[in-house]
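Here is how the chains run, residue by residue.
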Amino acid sequence: MTDDDGLDHLSSEKLHDLAVSRAKRHLDVKFFWELIRLLPTAEAAAGDLEQAETDVMRLSAHLDDVSDAGKGEVADLLRPFYLEYLRDHKVKAP
């Protein structure tokens, strides 16, 4: 059991924003690489097969999608990834 860091109560969009903000501040290329790797799967699971196919075919499409990874069902599907990242780095909810 973990201490209550307040993260579970945040929306998926807010978790995305916190994780991306932390990764930018710390130049965490590994986070962005992992997000880019997971994004097509989350998009496909959310029913956006066309976007997932585009992302698989073009790496540059991934870079544009990083901000979109915090929206809607895709953000919800990536929620465990954001929670794990934030907790690994001891980030608490604002």
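Just so it is clear, the model here is predicted, and its values are computed rather than measured.

> Can you help me understand helix α5 (residues 72-88) in this one?
A rise of 1.5 Å per residue sets the reference length of α5, with its 17 residues, at 24 Å; its end C-alpha atoms lie 24 Å apart and thus fit the reference within 8%. If you look at α5, its biggest bend is around 50°, right at L78, and the proline P80 turns up within four residues after that. Every buried residue of α5 is listed here: V74, A75, L78, R79, F81, Y82, L83, Y85 and L86. Buried-residue contacts for α5 involve α1 (12-25) and α2 (29-45).

> Where do I start with the side chain of D5 in this structure?
Looking at the element boundaries, D5 is found in the segment before α1. Owing to a relative accessible area of 11%, D5 belongs among the buried residues under this scheme. Looking at D5, its side chain comes within polar contact range of the main-chain nitrogen of L7, at 3.0 Å. A polar atom in the side chain of D5 sits 2.8 Å from the side chain of R87. Those residues in contact with D5 that lie beyond four places of it in its chain are R87, V91, K92 and A93.

> Is there a simple way to think about the side chain of R79 in this case?
Structurally, the position occupied by R79 is in helix α5. Buried charge without a partner: R79 forms no salt bridge, and the closest opposite charge is D8, 5.0 Å away. Of the polar contacts made by the side chain of R79, one reaches the backbone oxygen of D8; its length is 2.9 Å. Those residues in contact with R79, other than ones at most four positions away along the chain, are L7, D8, L10, S11, S12 and L15.

Conventions adopted
Residues numbered from 1 in each chain as written. Predicted model: local features only at pLDDT ≥ 70, side-chain atom pairs only at ≥ 80, totals over all residues. Heavy atoms only, no water. Helix = DSSP H or I, 4+ residues; strand = E, 2+ residues; numbered from the N terminus. Expected span 1.5 Å × (residues − 1). Bend = angle between axes of the 7 residues up to and from the residue. Buried < 20%, exposed > 50% of the residue type's maximum accessible area, 1.4 Å probe, protein only. Contact = heavy atoms within 4.5 Å. Polar contact = N/O pair within 3.5 Å; in protein donor to acceptor, adjacent residues only side chain to side chain. Lys, Arg positive; Asp, Glu negative; His and termini not counted. Salt bridge = Lys/Arg side-chain N within 4 Å of Asp/Glu carboxyl O.

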